[in-house]
Amino acid sequence: MAGALVAGGWGLFAGAALLVGAAVGTLVRVPPRLIVLVMAFGSGVLMAAVSFELIAEAYERSGMVPVVTGAVGGAVVYSGANALLARRGARHRKRSGEQQPSEEEAPGSGNAMALGALLDGVPESVVIGTSLLGGGHLGVATVGAVFISNLPEGLASAAGMRAAGRGRGYVFALWGGIAVVSGLAALAGYALLGGVSAAVMATITAVAGGAILAMIADTMIPEAYGRVHLLTGPVTVIGFLSAFALAHL
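Overview of the structure.

Cut-offs applied
Residues numbered from 1 in each chain as written. Predicted model: local features only at pLDDT ≥ 70, side-chain atom pairs only at ≥ 80, totals over all residues. Heavy atoms only, no water. Salt bridge = Lys/Arg side-chain N within 4 Å of Asp/Glu carboxyl O. Helix = DSSP H or I, 4+ residues; strand = E, 2+ residues; numbered from the N terminus. Contact = heavy atoms within 4.5 Å. Expected span 1.5 Å × (residues − 1). Bend = angle between axes of the 7 residues up to and from the residue. Axes fitted to C-alpha atoms, helices over the stretch in contact; angles between N-to-C directions. Parallel < 35°, antiparallel > 145°, perpendicular 65-115°, else oblique. Left-handed = near helix turned anticlockwise from the far one by under 90°. Nonpolar A, V, L, I, M, F, W, Y, C, P; charged D, E, K, R; others polar. Core = buried A, V, L, I, M, F, W, Y, C linked by side-chain atoms within 4.5 Å. Buried < 20%, exposed > 50% of the residue type's maximum accessible area, 1.4 Å probe, protein only. Phe/Tyr/Trp six-rings, centres within 6.5 Å; stacked < 30°, edge-to-face > 60°.

**Description of the pattern of salt bridges**
The full count for this structure, using the stated rule, is one salt bridge. Glu 57 is the partner of Arg 61 in a salt bridge, and the nearest nitrogen-oxygen pair spans 2.8 Å. Taken together, the residues span about one helical turn, with Arg 61 and Glu 57 both in helix α2 (residues 32-62) at a distance of four residues.

**Quick notes on the side chain of Thr 205**
Note on placement: Thr 205 falls in helix α7 (residues 198-228). Thr 205 has contacts with Leu 54 and Ala 58, leaving out every residue within four places of it along the chain.

**Observations regarding α2**
An ideal rise of 1.5 Å per residue puts 45 Å on 31 residues; α2 measures up with 43 Å between its terminal C-alpha atoms. Maximum bend of α2: about 35°, positioned at Val 50. Trailing α2 by a residue or two, Gly 63 shows a phi angle of about 90°, which is positive.

**Here we look at the packing of α2 against helix α8 (residues 232-247)**
It is at 7 Å that the axes of α2 and α8 come closest, and there the two elements cross at 45°. It follows from the interaxial angle that α2 and α8 lie oblique. Taken as a pair, α2 and α8 cross one another with a handedness that is right-handed. Of the residues in α8, those in contact with Leu 37, Ala 40, Phe 41, Ser 43, Gly 44, Val 45, Met 47, Ala 48, Ser 51, Phe 52 and Glu 53 of α2 are Thr 232, Val 235, Thr 236, Ile 238, Gly 239, Phe 240, Ser 242, Ala 243, Phe 244 and Ala 247. For the contact of α2 with α8, the residue count by class is 13 nonpolar, seven polar and one charged.

**Here's the deal with the nonpolar core**
Of all hydrophobic cores here, the largest spans 29 residues; its most connected members are Leu 46, Tyr 78, Ile 128, Ile 212 and Met 220. If you list the elements that add at least two residues to this core, you get α2, α3 (64-90), α4 (109-130), α5 (140-163) and α7. At eight residues, the largest contribution of residues to this core is made by α2.

**Topic: unusual backbone geometry**
Although it is not a glycine, His 229 sits at a positive phi angle of roughly 50°. Considering the arrangement of structural elements, one finds His 229 in the loop between α7 and α8. By relative accessible area, which is 42% here, His 229 ends up partly exposed.

**Digging into the packing of aromatic side chains**
For the coordinates displayed, the defined rule picks out four aromatic pairs. Arranged with centres 4.8 Å apart and planes meeting at 15°, the rings of Phe 13 and Phe 147 form a pair that is stacked. Taken as a pair, Phe 13 in helix α1 (residues 2-27) and Phe 147 in helix α5 lie far apart in primary sequence, 134 residues in all. Assessed through its relative accessible area of 40%, Phe 13 is described here as partly exposed. An aromatic cluster is built from Trp 10, Phe 13 and Phe 147, whose rings are joined through pairwise contacts.

**Side note on the packing of α2 against α7**
At their nearest, the axes of α2 and α7 sit 8 Å apart, and the two run at 160° to each other. By the angle between their axes, α2 is roughly antiparallel relative to α7. At the point where α2 passes α7, the crossing takes the left-handed sense. When its residues are assigned to classes, the contact of α2 with α7 shows 24 nonpolar, five polar and four charged.

Any functional reading would require information that these geometric values do not contain.
Pasting the structure below:
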């Protein structure tokens with residue numbers, strides 16, 4: 001029970017970055033270029049975490065087959081769900097400008113954005129929980145990557161929601177709820193997956209890794225490149241190397 005609570009606490013910590021970012025995005029006018037530069041940095045950090053902590057761990061657990069099947073499956077499921085939600089108004093949920101539709105323009109788009117935020121956050125949180133199973137050590141790079149990537153996501157999305165006419169109460173309730181769900185997902189990952197085989201655990205880890213990589217490619221990198229163009233590559237590499245260094249301290 002104690003281990004599950006610890007896992008849930010770390011998941012809540014990483015998810016709380018969404019709420020922090022939302023508070024900043026709602027109360028302070030942050031230059032859009034700064035938001036997307038942080039997003040590019042967070043993309044690099046997440047890539048490193050996926051490479052060195054998720055995919056590498058899955059391979060060490062059970063070989064190449066679970067890695068390939070899990071990662072491809074995670075990417076396909078994420079991309080399919082993302083496409084479905086985009087049709088319902090959640091395409092621009094990470095955008096800080098006026099791209100997000102209002103509820104009048106696209107009824108139900110608020111709910112779609114909430115589901116999109118869950119789609120983005122749950123795989124990351126489950127991995128945080130499973131990393132503690134079997135006496136494992138918490139992946140500092142993974143938690144740091146999720147936290148850093150969540151900050152600009154909450155910031156950009158909150159600014160975009162305000163521009164679309166959604167109130168502060170809606171914004172804070174949404175991201176506060178997602179932070180709580182992130183903690184619960186980490187707790188569930190620890191509590192429900194402790195007895196599975198190495199092959200199943202490897203597949204689950206690879207599914208999360210594939211979903212996160214698809215999320216980076218589908219949402220974070222395009223948003224960064226759309227505003228800062230050629231700066232996206234160098235800043236993403238800096239984020240990648242920062243997480244790599246953190247993982248090897």
